[in-house]
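Commentary on secondary and tertiary structure
The lines below spell out each chain.
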Amino acid sequence: MSKKYETPLLDELEKGPWPSFVKELKKAAEKNEMAADELGQLEKSYKTKLGYWKHGGIVGVRGYGGGVIGRYSSLPEEFPNVAHFHTVRVNQPSGWFYTTEALRMICDIWDKYGSRLTNLHGSTGDMILLGTRTEKLEDIFAELSSRGWDLGGSGSAMRTPSCCVGPARCEWANIDTLEITYQLTQEFQDELHRPAYPYKFKIKVAGCACDCVAAIARADLSIIGTWKGDIKIDQDEVRKYAEGGMNIQEEIVDMCPTGCMSWDGNELKIDNQECNRCMHCIAKMTKALRPGDEKGVTICVGSKAPIVVGAMLSWVIVPFMKVEPPYDELKELIRNIIDWWDENGKPRERIGELIERLGMRSFLEYVGLPPVPQQVKEPRRDPFWFFTEEDIQKIKEREEEEKKTGQYKF
């Protein structure tokens, strides 16, 4: 029988209108000692406003450098069952499609060796199994791998590529996100399992610019489905939207980020040369507008969440590329990008931060890409800075003057 803990503070989180993780944690705690001690330690954290997890170095399975995140409690005497509480990342299927049989298989393995706690899915994309002991890791991996599963990426490695559901369920997908993600996962197995980079590298694939996996904001390399040519317009359907109550001027035309649309009350016009394929109008008027026939991808690089440096959105490096199996051109470009970052990056420096430090020119020259207008934020302004030795000397002189006078210039 698992140990019972009084949890008055956590109980408050069950009182709202939304589902609570506390409820699920308590259910797991009834049958699992690790989950029970996790519940007790979490209540203590809420009471003291202190965290009690510590990083104890690298832990993993034989032959793999990634896939397991080491977690240890700093209160092992008080909560012995979470003295070890390692996280196992399991490589998810493309688009997060599971059969109930597959999910039950994972849960049975985790009931046997872990805490019964899971996280489906984190921003990394992997299936997350929360909480097990070091001596159980080899057994867990043996059972997972014997049933066709593999570990995901963790540490300073390529993280598990992820994608939206794409053509499996979405009529707006311009590319086969599922196949691209599968092919890239197979291609970069060594980079996934054996950390050898300055820091993490994430690839996310979105079927269109609606970007349901938030690739543009969260991936070091974003692959976004797009098209060439004109947006297809059914003017009769456009008029039906207007007759049905849609304010096309305010909801569509005025919301266009490039101002390439006009509406005279009878006909919708689009200057396709100015269109940036954002998908807003198509997503709002699904019966009236369609993407063009020539499909491909836009490739962006450099986004990340705020960790060492603040959050960054990615830059376009390839406005349009045709992608077809076996995706050799795409794979070669990714390898060139990683090689430049691996050769020049500092420890814990993401590729976007490296581009800001060394400049887009150095990056483009190495990977063999021409500069494109999309890399300029606004006319006559470039997002990258270049300092001459004279500039640096002037900065030093100003800093010395400021120290002497106590007056700082901004």
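As a starting point, this report considers the structure included with it. Fair warning: this is a prediction, and the values are worked out from it, not measured in the lab. (Residues numbered from 1 in each chain as written. Predicted model: local features only at pLDDT ≥ 70, side-chain atom pairs only at ≥ 80, totals over all residues. Heavy atoms only, no water.)

1. Concerning the overall build of the protein
The condition that has to hold: Secondary structure elements are taken from DSSP: a helix is a run of H or I of four residues or more, a strand is a run of E of two residues or more, and numbering for both begins at the N terminus. Buried residues are those whose accessible area, probed at 1.4 Å on protein chains only, stays under 20% of the maximum for their type, while exposed residues exceed 50% and partly exposed ones sit between those limits. Residues count as neighbours in contact if any of their non-hydrogen atoms are within 4.5 Å of one another. The Shrake-Rupley method, run with a 1.4 Å probe, gives the accessible areas here. Residue values count only the displayed protein chains as cover. In this tally, Lys and Arg are treated as positive and Asp and Glu as negative; His is ignored, and so are the chain termini. A charge is said to be at NZ when it belongs to Lys, at CZ for Arg, at CG for Asp and at CD for Glu.
Secondary structure summary: the protein contains 15 helices and 15 strands in total. Within the protein, the proportion of its 410 residues that are buried is 46%. In the protein, the share of contacts with a sequence separation of at least 24, taken over all contacts with a separation of at least 6, comes to 65%. Working note: accessible area of the protein is about 22100 Å², and carbon and sulfur atoms make up 49% of it. Computed over 55 positive and 64 negative side-chain charges, the separation of the two mean positions in the protein equals 5 Å.

2. What to know about the sheet that holds strand S6 (residues 127-132)
Here is the rule we go by: Should DSSP find at least two bridges between two strands, the strands are regarded as paired. Axis definition: a line fitted to C-alpha atoms, over the contacting stretch in the case of helices. Angles run 0 to 180 degrees between N-to-C directions.
In spatial order, the strands read S2-S4-S6-S5; together these 4 strands make up an open sheet with antiparallel pairing. Looking at the sheet topology across the chains shown, the edges are occupied by strand S2 (68-69) and strand S5 (114-119). Here 2 bridges tie S2 to strand S4 (residues 87-90), and the two strands are oriented antiparallel to one another. Each residue of the ladder has a partner; that of Val68, found in S4, is Val88. In the packing of helix H3 (residues 33-48) onto the sheet, the strands contacted are S5 and S6, and the crossing angle to S5 comes to about 65 degrees.

3. Focus: the environment of Leu13
Within the fold, Leu13 resides in the loop between helix H1 (8-11) and helix H2 (21-29). Judged by relative accessible area, which is 37%, Leu13 ranks as partly exposed. For the pair formed by Leu13 and Ile270, sequence separation is 257 residues and the distance between their alpha carbons is 50 Å. Those residues in contact with Leu13 that lie beyond four places of it in its chain are Ser20, Phe21, Val22 and Tyr46.

4. Thoughts on helix H12 (residues 328-344)
The α-helix advances 3.6 residues per turn, and as a result positions three or four apart in sequence lie on the same side. For the record, the criterion: Each residue after the first adds 1.5 Å to the expected span of a helix.
In a regular helix each residue adds 1.5 Å, so 17 residues correspond to 24 Å; H12 covers 25 Å between its end C-alpha atoms and thus fits that length. Within the sequence span of H12, burial applies to Leu330, Lys331, Leu333, Ile334, Ile337, Ile338, Trp340 and Trp341.

5. Some thoughts on the pattern of salt bridges
Stated precisely, the cut-off is as follows: Salt bridges are defined as contacts in which a side-chain nitrogen from Lys or Arg sits within 4 Å of a carboxyl oxygen from Asp or Glu.
Within this structure, the stated rule accounts for 22 salt bridges. With a shortest N-O distance of 2.8 Å, Glu143 and Lys112 are connected by a salt bridge. With Glu143 in helix H5 (residues 137-146) and Lys112 in helix H4 (residues 100-113), this pair connects stretches of sequence that are 31 residues apart. Overall, Lys112 belongs to the exposed group, its relative accessible area being 54%. In this structure, the salt-bridge partner of Lys394 is Glu390, at a minimum N-O distance of 3.7 Å. Remark: Glu390 and Lys394 occur in helix H15 (residues 389-405); sequence separation between them is 4 residues, near one turn of the helix.

6. Details of the side chain of Thr87
One can find Thr87 in strand S4. For Thr87, the residues in contact, after removing those within four places along its chain, are Gly67, Val68, Ile69, Ile128, Leu129, Leu130 and Gly131.

7. Examining the pairing of strand S9 (residues 221-228)
Most of S9 is tucked away: 7 of the 8 residues are buried. For strand S8 (residues 203-206) and S9, the ladder comprises 4 bridges, and the chain directions are parallel. Within the sheet, the bridge partner assigned to Ala206 lies in S9 and is Ile224. When S9 meets strand S14 (residues 294-301), the two strands line up antiparallel, connected through 8 bridges. By the bridge assignment for S14, Ile223 is matched with Ile299.

8. What to know about the sheet that holds S9
Taken in spatial order, the 5 strands of this open sheet run S7-S8-S9-S14-S15, and their pairing is mixed. Every other strand in the sheet has two partners, leaving strand S7 (162-163) and strand S15 (315-321) as the edge strands with one partner each. On top of the sheet, helix H6 (residues 177-187) reaches S7, S8 and S9; it is set at about 160 degrees to S8, its chief contact.

9. Points about a nonpolar patch on the surface
Short version of the rule: A patch consists of residues whose relative accessible area exceeds 30% and which take part in no salt bridge; residues with like charges are grouped when within 9 Å of each other, and nonpolar side chains (Val, Leu, Ile, Met, Phe, Trp, Tyr) when within 5 Å.
Judged by side-chain polarity, Leu9, Leu13, Phe21 and Tyr46 come together as a nonpolar surface patch covering roughly 350 Å² of accessible area. For Tyr46, the location among the structural elements is in helix H3. Here Tyr46 falls in the partly exposed class, since its relative accessible area comes to 36%.

10. Here's the deal with H3
For clarity, the threshold we go by: In protein, a polar contact means a hydrogen-donor-capable atom and an acceptor-capable atom, both N or O and within 3.5 Å, with residues adjacent in sequence counting only if both atoms are side-chain atoms; elsewhere, any N or O pair within 3.5 Å suffices.
In a regular helix each residue adds 1.5 Å, so 16 residues correspond to 22 Å; H3 covers 23 Å between its end C-alpha atoms and thus fits that length. In this structure, the buried residues of H3 make contact with H1, H2, strand S1 (53-54), strand S3 (72-73), S5 and S6. Capping the start of H3, Asn32 holds a side-chain oxygen 2.9 Å from the backbone nitrogen of Met34, two or three residues further along. Just beyond H3, the residue with positive phi is Lys49, at close to 60 degrees.

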